[in-house]
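# A closer look at the structure
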Amino acid sequence: MQNSNPVIRDRNQRTEWFLEARFGMFIHWGLYAIPARGEWVRSVEKISNEAYQKYFEEFDPVAYDPGAWAKAAKKAGMKYAVLTAKHHDGFCLFDSKLTEYKSTNTKCGRDLVREFLEAFRAEGLKVGLYYSLLDWHHEDYPAFGDPFHPMRENEEYKDRKRDFSRYVDYLHGQVKELLTEYGHIDIMWYDFSYDNMTGETWRAADLVNMARQLQPHILIDNRLDGSQSIKTGNPFTYSGDFASPEQLIPANGVTDGSGNPVPWEACITLNNNWGYHSSDRNYKSPKLIIRKLVECVSKNGNMLLNVGPDAKGQIPEESLSILEQVGSWLRQNGSSIYGCGKAGLPKPDWGRFTRNIKTGKIYAHVFEQSIGAVCVENLAGKVGSIRLLKDGSEIPVTRPWNTHDYPEDLFFNFGIPDGATYPLPDDIDTVAELELI
Ligand code: FHN
């Protein structure tokens with residue numbers, strides 16, 4: 001049934017591909033890759049524009065090969081990718097006419113965004129651009145007293161004249177450049193609103209209306225608005241098309257005030273930094289990433305998984321290795337992720353369920369061995385066939401002698417005798433496809 005609210009109705013129509021895609025690549029890249037201490041290095045270490053300028057003078061990513069990035073994303077099973085066109089440091093990875101602080105003015109002389117867009121489109125991925133609302137380089141952005149600006153405590157900045165409205169014009173002008181000079185853009189990923197720096201402070205309604213006029217299909221995240229209005233039943237123009245929980249997976253996904261599902265995407269790092277951090281070796285395992293992707297989908301969500309390329313333009317080997325293993329699992333089990341969502345069944349002890357939105361097929365993701373047969377509550381007599389998703393082999397529906405006291409439950413197992421305990425075919429996530437009758 002169509003939602004009566006036009007903002008929600010339009011959002012639901014625009015996000016159909018997004019809910020199908022489920023898995024994307026986030027790319028945080030820029031000058032901060034040179035100090036290699038994460039993308040907040042300027043704020044954390046209170047580095048002035050002048051002190052940071054040496055990285056602008058030096059930046060020359062000689063190994064930048066967006067085609068290789070795109071192939072790695074595709075092989076990982078990712079269906080879209082979002083690159084930082086400008087992060088909080090204000091450095092533009094695109095040839096903006098509104099500033100000299102851009103990649104085309106560095107030694108590399110390249111429009112890094114344009115090359116990214118062309119390479120990822122060529123591999124069949126949808127493309128998005130991250131655009132920071134904060135700008136620690138722009139002279140009209142609040143500095144002294146701001147909670148995050150590198151010069152927030154520098155008295156020299158206390159009485160500097162600035163015209164914030166001119167900064168907002170700059171912000172709108174750059175977004176217009178990105179949406180008129182770079183072809184079809186699928187996502188604009190704004191980041192982030194805080195305190196009174198939210199909503200109409202950015203002239204958010206005008207910004208969204210402009211984007212919708214230029215690229216009506218475009219998806220916009222919820223960070224133009226710090227009030228989380230996307231979760232209400234009456235969102236604003238600028239509430240966004242999807243919620244963006246960060247470095248966590250919401251316990252129950254994201255719904256609005258009436259319990260209706262809201263599109264959402266958990267953005268997650270592979271180590272603990274978005275931007276390249278040379279000493280952060282705390283990478284997550286492929287097993288964790290796969291199981292957390294399943295968790296996102298089981299709660300009607302997406303996962304936007306981040307890579308932070310280094311100063312030469314190379315995605316870290318550790319990241320590539322994880323992506324390779326995630327892709328291998330997805331090549332065998334992707335039907336349980338793409339186009340899937342919440343199954344409407346209670347979460348089982350042994351793992352999770354996902355369900356294909358169109359076919360209704362249920363996918364049992366078995367993470368943990370059961371003692372004896374695997375039990376699916378309350379599905380006795382409701383499942384026609386069970387197949388091991390990765391090879392299509394039959395998994396018999398069983399009724400071992402020790403299950404007779406539980407007639408309402410369905411059981412299946414991975415060996416004979418069917419009441420015994422067996423190792424899982426895939427100890428990361430064994431997926432059984434259940435065809436309902
Ligand atoms: O401050 C940014 C951070 O650097 C990174 O870009 C993340 C990614 O979602 N967003 C902000 C923190 O919430």
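This structure is a prediction, so every number in the text was calculated from the model and none was measured.

## Section: the pairing of strand 7 (residues 301–307)
Of all the 7 residues making up strand 7, 7 are buried; the element is thus mostly covered by neighbouring parts of the structure. Going residue by residue along strand 7, you find Gly301, Met303, Leu305 and Val307 tucked away on one face and Asn302, Leu304 and Asn306 tucked away on the opposite face as well. Sheet analysis places strand 1 (residues 23–27) next to strand 7, joined by 5 bridges and oriented parallel. The residue of strand 7 that forms the bridge with Phe26 is Asn306. As paired strands, strand 6 (residues 264–269) and strand 7 are joined by 6 bridges and run parallel to one another. Residue Glu265 lies in a different strand from strand 7, and its bridge partner there is Asn302.

## A word on the sheet that holds strand 12 (residues 383–388)
Spatially, 8-9-10-15-12 is the arrangement adopted by the 5 strands of the open sheet, whose pairing is antiparallel. Both outer strands of the open sheet, strand 8 (340–341) and strand 12, are each paired with one neighbouring strand and no more. One ladder, built from 5 bridges, connects strand 10 (residues 362–366) with strand 15 (residues 430–436); its direction is antiparallel. When the bridges of strand 15 are listed, Ala364 appears paired with Ala432. Those strands touched by helix 9 (residues 286–298) are strand 8, strand 9 (351–356) and strand 10, and its axis lies near 55 degrees from that of strand 9.

## A look at the sheet that holds strand 13 (residues 397–398)
Pairing is antiparallel in the open sheet, where 3 strands are placed in the order 11-14-13. Of all strands in the sheet, those bounded by a partner on one side alone are strand 11 (374–376) and strand 13.

## Looking at the layout of surface pockets
Put simply, the largest pocket is a space of about 720 Å³. Taken together, the elements giving at least two residues each to the lining of the largest pocket come down to helix 1 (6–14) and helix 2 (16–21). Ranked by residues supplied to the lining of the largest pocket, first place goes to helix 1 with 5 residues. Grouping the constituent residues of the lining of the largest pocket by class yields 7 nonpolar, 9 polar and 7 charged.

## Description of the UniProt feature "site: May be important for catalysis" (unreviewed entry) in the protein
Per the UniProt record, "site: May be important for catalysis" (unreviewed entry) is annotated on Cys267. Considering the arrangement of structural elements, one finds Cys267 in strand 6. Not counting the four nearest positions on each side in its chain, Cys267 is found in contact with Phe26, Trp189, Arg223, Ser244, Pro245, Glu246, Gln247, Trp274 and Leu304.

## A closer look at empty space enclosed by the protein
For the coordinates displayed, the defined rule picks out 3 cavities of 30 Å³ or more. Within this model, the largest cavity holds a volume of roughly 70 Å³. Of the residues contributing to the lining of the largest cavity, the split by class is 6 nonpolar, 7 polar and no charged. In this structure, the second largest cavity occupies an estimated 40 Å³ of space. What lines the second largest cavity is simply Gln369, Ser370, Gly372, Val374, Asn413, Phe414, Thr421, Tyr422 and Leu424.

## Details of the environment of Tyr167
Inspection of the secondary structure assignment puts Tyr167 in helix 7 (residues 164–180). Sequence-wise, Tyr167 and Cys92 are 75 residues apart; in three dimensions their C-alpha atoms are separated by 15 Å. Ignoring anything within four residues of it in the chain, the contact list for Tyr167 reads Lys86, Ser132, Leu133, Leu134, Asp135, His138, Asp140, Tyr141 and Trp202. For Tyr167, the side chain forms a polar contact with the side chain of Lys86, separated by 3.2 Å.

## As for the packing of helix 9 against helix 10 (residues 317–333)
Contact pair helix 9 / helix 10: the axes reach a minimum separation of 9 Å and the direction vectors enclose 50 degrees. By the angle between their directions, the pair helix 9 and helix 10 is classed as oblique. The way helix 9 lies across helix 10 gives a crossing that is right-handed. In this structure, helix 9 uses Pro286, Ile289, Ile290, Leu293 and Val294 to contact helix 10, whose residues at the interface are Ile322, Gln325, Val326, Trp329 and Leu330. A breakdown of the residues in the contact of helix 9 with helix 10 according to their chemical character gives 9 nonpolar, 1 polar and no charged.

About the cut-offs
Residues numbered from 1 in each chain as written. Predicted model: local features only at pLDDT ≥ 70, side-chain atom pairs only at ≥ 80, totals over all residues. Heavy atoms only, no water. Buried < 20%, exposed > 50% of the residue type's maximum accessible area, 1.4 Å probe, protein only. Helix = DSSP H or I, 4+ residues; strand = E, 2+ residues; numbered from the N terminus. Pairing = 2+ DSSP bridges. Contact = heavy atoms within 4.5 Å. Axes fitted to C-alpha atoms, helices over the stretch in contact; angles between N-to-C directions. 1 Å grid on protein atoms, 1.4 Å probe; cavity = no way out; pocket = protein on both sides within 12 Å on 5 of 7 lines; lining within 4 Å. Points joined across faces, edges and corners; volume = space filled by probe spheres on them. Nonpolar A, V, L, I, M, F, W, Y, C, P; charged D, E, K, R; others polar. UniProt positions renumbered as here; feature names shortened; annotations may be inferred. Polar contact = N/O pair within 3.5 Å; in protein donor to acceptor, adjacent residues only side chain to side chain. Parallel < 35°, antiparallel > 145°, perpendicular 65-115°, else oblique. Left-handed = near helix turned anticlockwise from the far one by under 90°.

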